[in-house]
Amino acid sequence: MRAVVIGGGLAGSCAALELAARGAEVALVSAGPGSTALSGGTLDVAAASPLRRGGLPLADAADGRPLAPLRRLLVAHGNAAHPYAALLRGRSAALEVEEARAALDAWLAPSGLRVVGSVDETRWLADVRGAVRAADLAQSGSGEGDLASAEEIALVDVPGLAGFDARPALRMLAAELASIGLSRTLRLATLELPAGLAEHAAAPARLARRLEDPAAQAALVPAAARLGAPRRLLLFPPVLGLERVDRVLAWAADATGCRVAELVGAPPLALAGYRLDRALSAALARAGVEEFAGRVASIEEDAGRAAAVRAEGGERLALDALVLATGRFVGGGLLERDGRLAEALLELPLYDLAGRRVDGVRPRRLVRRDYEGEQPLFAAGVRTDAQLRPLAADSKPRLTNAFVAGDLLGGFDPARDRTGLGVALLSGRRAGIEAAKC
Amino acid sequence: MSRGLRVQVLVVGGGINGAGIARDLALRGVSCALVERRELGSGTSWASSGMIHGGLRYLQKDPEVTLHSCVDSGAIQRIAPHLVFRIPFLMPVFPDDPIGPELVEIGLEMYDRYQPFKNGRPHTRLRREEALRLEPALSPRVECAFTLDEWGVDAARLTAANALDAAERGARISTHTEVVELSREGGSGRVTGARVRDRLTGESWRIDADLTLNATGPWAPRLAALAGTSVRLRPAKGIHLVFERRVSNLAIYARGIDGRDMFTFPHEQNSMAGTTDDDFYGDLDRIDVTEDEIAYVMQAMERSIPSIRRHRVIHTTQGVRPTLYGFGQSEDELSRDYEVIDHGAEGAPGFFTIAGGKLAAYRLMAEDASDRLCASLGVREPCRTATTPLPGGEGALDVEALARRFRVAPAAVVRLGFRHGLRSARVLAPAEGRPTPPRTVCACEPVLDAEVAHAARVEGARTLGDCVFRARLGVGACQGASCAGQAAGLLADALDWPAERCAAELSAFAAERWRAAAPALGGRHLAAFEIHRHVFLGARGFAAEAASRPEDPAVQAEDPTP
Amino acid sequence: MRGYRGFLRELSRTGGARALSLQLRTGAAHLLRSLRGARAPDPVALFFRNYGADGFRLPDTERAQLQLAAEACLVCGLCSAECARAGGAPLLDPRDAVIAAARLEIDWLRLGLSEPIATPCAACRACTAVCPAGIPIDRVQESLARLGREAAAPQVATPAEIR
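Worth saying up front: this structure is predicted, and the values here are computed from it rather than measured. (Residues numbered from 1 in each chain as written. Chains lettered and ligands numbered in written order. Predicted model: local features only at pLDDT ≥ 70, side-chain atom pairs only at ≥ 80, totals over all residues. Heavy atoms only, no water.)

Participant: I tried to follow the side chain of D149(B) on my own but got confused; where do I start?
Facilitator: Its place among the elements puts D149(B) in strand β5 (residues 144–153). Within the structure, the side chain of D149(B) is placed 3.2 Å from the side chain of R86(B), a separation counted as a polar contact. (Helix = DSSP H or I, 4+ residues; strand = E, 2+ residues; numbered from the N terminus. Polar contact = N/O pair within 3.5 Å; in protein donor to acceptor, adjacent residues only side chain to side chain.)

Participant: What should I look at first to understand the interface of chain B and chain A in this one?
Facilitator: Often the size quoted for an interface is simply the accessible area lost on bringing the parts together. On the side of chain A, 62 residues touch chain B, which itself brings 62 residues to the contact. Both faces combined, the contact of chain B with chain A buries some 5,400 Å², and carbon together with sulfur accounts for 56% of it. Summed over the three residues of chain B that lose the most area to chain A, namely W514(B), R533(B) and F542(B), the buried surface amounts to 15% of that side. At the surface where chain B touches chain A, the tally comes to seven salt bridges. For D413(A), the salt bridge is made with R533(B), and the minimal N-O distance between the two is 2.7 Å. For the pair chain B and chain A, the number of links is 26 residue pairs in polar contact (both at pLDDT 80 or more). If you list the elements that add at least two residues to the side of chain B that touches chain A, you get α8 (291–304), α15 (484–495), α16 (499–517), α17 (525–538) and α18 (542–548) of chain B. (Contact = heavy atoms within 4.5 Å. Buried area = accessible area lost by both parts, 1.4 Å probe. Salt bridge = Lys/Arg side-chain N within 4 Å of Asp/Glu carboxyl O.)

Participant: I would appreciate a short explanation of the packing of helix α1 (residues 16–27) of chain B against helix α9 (residues 362–377) of chain B in the present structure.
Facilitator: Helix packing geometry: the angle between the two helix axes and the distance between the axes. Residues and elements named next belong to chain B. It is at 8 Å that the axes of α1 and α9 come closest, and there the two elements cross at 55 degrees. In terms of orientation, α1 lies oblique with respect to α9. Here α1 runs over α9; the crossing is right-handed. For the pair α1 and α9, contact is made by I16, N17, G20, I21, D24 and L25 and by Y362, M365, A366, E367, A369, S370, L373 and C374, respectively. For the contact of α1 with α9, a count of residues per class yields nine nonpolar, three polar and two charged. (Axes fitted to C-alpha atoms, helices over the stretch in contact; angles between N-to-C directions. Parallel < 35°, antiparallel > 145°, perpendicular 65-115°, else oblique. Left-handed = near helix turned anticlockwise from the far one by under 90°. Nonpolar A, V, L, I, M, F, W, Y, C, P; charged D, E, K, R; others polar.)

Participant: What exactly am I supposed to notice about the interface of chain B and chain C here?
Facilitator: Facing the 73 residues of chain B at the interface are 64 residues of chain C. Carbon and sulfur atoms make up 59% of the surface buried where chain B meets chain C, a total of about 5,900 Å² over both sides. In this structure, the salt-bridge partner of D54(C) is R86(B), at a minimum N-O distance of 2.6 Å. In terms of residue class, the side of chain B that touches chain C is made up of 34 nonpolar, eight polar and 31 charged.

Participant: It is not clear to me how the nonpolar core should be interpreted in this structure. Could you clarify?
Facilitator: The tendency in soluble globular proteins is for nonpolar side chains to be buried side by side. Among the nonpolar cores identified, the biggest contains 233 residues, and L104(A), L147(A), I299(A) and L473(B) are the most heavily contacted of them. Apart from the residues within four sequence positions on either side, L473(B) is in contact with V441(B), C442(B), V447(B), L464(B), C467(B), V468(B), C483(B), A487(B) and F509(B). Listed in part, the 35 residues of the second largest apolar core include L138(B), L241(B), A273(B) and I305(B). (Core = buried A, V, L, I, M, F, W, Y, C linked by side-chain atoms within 4.5 Å. Buried < 20%, exposed > 50% of the residue type's maximum accessible area, 1.4 Å probe, protein only.)

Participant: Please explain α1(B) as it appears in this structure.
Facilitator: Within an α-helix, residues lying three or four positions from one another point in the same direction, as the helix has 3.6 residues per turn. All names here are of chain B. With twelve residues, α1 should cover 16 Å at 1.5 Å per step; its first-to-last C-alpha distance of 16 Å lies within 8% of that length. Most of α1 is tucked away, with twelve of its twelve residues classed as buried. Backbone geometry just after α1 places G29 at a positive phi near 80 degrees. (Expected span 1.5 Å × (residues − 1).)

Participant: Got a minute to help me understand the pairing of strand β15 (residues 296–302) of chain A in this structure?
Facilitator: Where a strand is regular, its side chains alternate between the two sheet faces. Residues and elements named next belong to chain A. Strand direction decides the pairing type here: β15 and strand β16 (residues 305–311), joined by six bridges, are antiparallel. Across the sheet, residue I299 finds its bridge partner in β16, namely V309. A loop of two residues connects β15 with β16, the two strands running antiparallel in sequence, and A303 in this loop sits at a positive phi of about 50 degrees. (Pairing = 2+ DSSP bridges.)

Participant: How should I be thinking about unusual backbone geometry in this particular structure?
Facilitator: The phi angle of most residues is negative, glycine excepted, and most peptide bonds adopt the trans form. Along the chain, P267(A) connects to P268(A) via a cis peptide bond; the corresponding omega equals 0 degrees. Tracing the chain through its elements places P268(A) in the loop between β13 (259–262) and α10 (272–286). A cis amide bond links E445(B) to the next residue, P446(B), at an omega of 5 degrees. Looking at the secondary structure, you find P446(B) in the loop between β18 (440–442) and β19 (447–448). At E347(A), a position not held by glycine, the phi torsion is positive, near 55 degrees. With respect to the secondary-structure elements, E347(A) resides in the loop between β20 (340–343) and β21 (350–351).

Pasting the structure below:
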């Protein structure tokens, strides 16, 4: 069975890996990184979703215990078109998520990247600005930085590092912890880079790359040793390696003598997404998925089925199953065509959160004045059936052997919901599983 | 808590006119205070085309206006050479244009006589092929073309420089401060100052002044009413579209469907297309850009540059001109002249308003207004603003030397120099001797952390939004997604902000960028705002989240079967 | 309530007459010149004599196309990350190169800076491959490096060069 996946982010990669695991011959066409590569280190399923009453986590009415994050989310989206409603209906949500986590963890582990956490446990993670978010799943690196897990927390200041100021981050962190009600000792620890490394501080990606080099690590040991203290959690800016974060983390823990983790990234300092993207690429290669770089020019159809994909380079890829994981604007799955909103490849109808049809409308008509409020333009996506087949305007599957995963799915606003990577992970696997049945 | 301040002149309004007048008065030794409701130059001044042009179109009726505009443009170049940059213009002539090339050339030959006053060059006349060689994107329908030049200016920095100079000479400048009420003397109705309120701290105090000047631009009628007087304006809205980067190094004339002249011109890092001129009856604090306006501008631009729609528009500017009232003419025909009004005859002696005018004439207007005020005060000092350099304008900056001394990229020093001139060394000075050199905060300019810190510690910037005007933070491709967080941290350090303040500032900043960008959202800019929302909404911390969502009604829904 | 308007208003009362006289004089001179057939010998060269010092050069179609492509930049920094992974250390970080390309094109020339803007990088194209916006970043770097070399040579637009 031959499958083609369009889009190489978390959703498309998971679909391709599931297909390969089920014996399909998989080709993945990707025009380049999308929103996956821009993520900061968390893989939010539900914990970061902003469902709070008066700033405190919600409590279960019956017994006053905080509602587990996923249940909170399902409560809020009980009747909405959020992809979770279809993905997790009739199944034990927590189990489904744990299965997905374990699968992704297994795929990424050979690259040194792990997926830690669980949907029933909330970790409190700090980012490079000192802001704190609840997280359930996270990449290793930032995942180990649960603020609740240590008595003393020290932010590591790296003088001259572009994109990170430790002092204001520390102040912000102190205030955030106070708001949450987590009382912790906070410290600032300064890591003076030796001459050969200091010049890279202005280009964090280069510094991260150099830190993977054993010679650089050796030169840094004396300075690193001064950072450690008993019962302390050291939070570094996210420059602990460009790809092999496991090795650099291990070295740092060894050199400092205490627990280490990374702060969650934020532009311009957000390498975790890049690591995830690279690790997914490596996993695809190991699974024998054939990767084609470039855009898809067209999809050939035949009697209600997708028959082949034509790449811009001219290749024609015949297929038995198709997965569309092209994302939204960053990924290129949605775009403005002739002045109007459109889905890029199949002209699928697009819907906003209220169920209104929004393809063919000028983008300007789909935005609202209130930045923080609902924006139909940024909640637009494709409607699917329970098997993730995209629906045509008549609510029937557009093609019997095509499936959609990731941000291209409608029914949610990834920036406000904060469930983007959770949806990508769960829908990517599901699309792959369903596609494998073709 | 109340404190009092006693000055000779209270200037209300911190746009280019208010700041220019405060500077003029300060240079004459007159004590003054200036209050501005938002940030210096953030109103009409910011929304202007940012050009100190010579008034080419007044040649038809008022060549004296042209003469004085050109002379004053020259003066501004002398006192602030770092803030101005030359913009050559290309004026294409198409077969269906109402005015033929010969008449156009006569007009330009007339203008040539005035060019020397503002270091302008004489025009050239190009044949079709020559014009297309100079600007390949020009419409092939062009018959012939002419070149001339004007000078562009960073209006916000020009305003800030005037205010800075005034402050250094003793003036008291307060931003984010509004007038709550004007103080009146019982019997005579004389205006003796105002009660003002700091909008950020809530603190209020009294300013006693011999004279009060209303320099609030289009808001002038509102303030005048507080004194029981009236100012009649015919407010006119103007918008620009801002492109992600320069689409050409030449400014190109484009004629609107109604025959109006507009241009796409390079300005600082970007190109701008505009402007419009429409009677405005709406809310001055909530000026929106409409689809029609954008369509009108783009239609005009397309006639001169057929490929213009391919370029990415990243935001818009919008403002309202405080045009003097005139009945019966179209907006373009109205005078750009100005008036200094003495409200004594209306029963409010001691209260003056300056209305009308244009950015290019600010210095002249300020001189005139200051002359009037000084006459009233019995002060006999002459005006020195045309010959005294503005801060930073005292001489040319050695970019490479500064770059080497402070270990920053020359490209960063170049941009710093455009905003601070010779004062750039002062901006970078705190970083000297530190183990690490200044870092870039905003890649689009670039803006260095030293400049943001300087804006807060030295120049009196008080909010993240202020840095947009002071340092052009976040006005490029990313609209703040990559730089606002870090800048907020720097300001928090410099101004001792608690975390909630930081979060509120970021929220307000993001909303303001959205407000300006949303009307023109489309094409390749959609992805930028997908990222923008992830940064400002998706990555918000706990405190920011709690502040913005006090009660979530969705929680009331029933718990579905897991 | 009209107050004192200053010399501009006073003068503008006589403006109409002055304007007309200026227009007639200029028009007559223009007519005479046209009849004589006088025309500036090389207007484009004249343009560059006028504005060359401000950094203006003849536009370059290839550069213009690169700038158009570069407009799509999302300031995401993936190019910098990929460049670092490939072991590159160009003078100008790829992200900065893309953002700054249009401005550098004119500022460098205007100021006659002698420092190189960009070093020609290894041209491994890792940056171009990873860019979500599809910008040919390696070509942008190369264009800027070339610009630096051009900046060192003053622009004199000779007729031969233009025709």
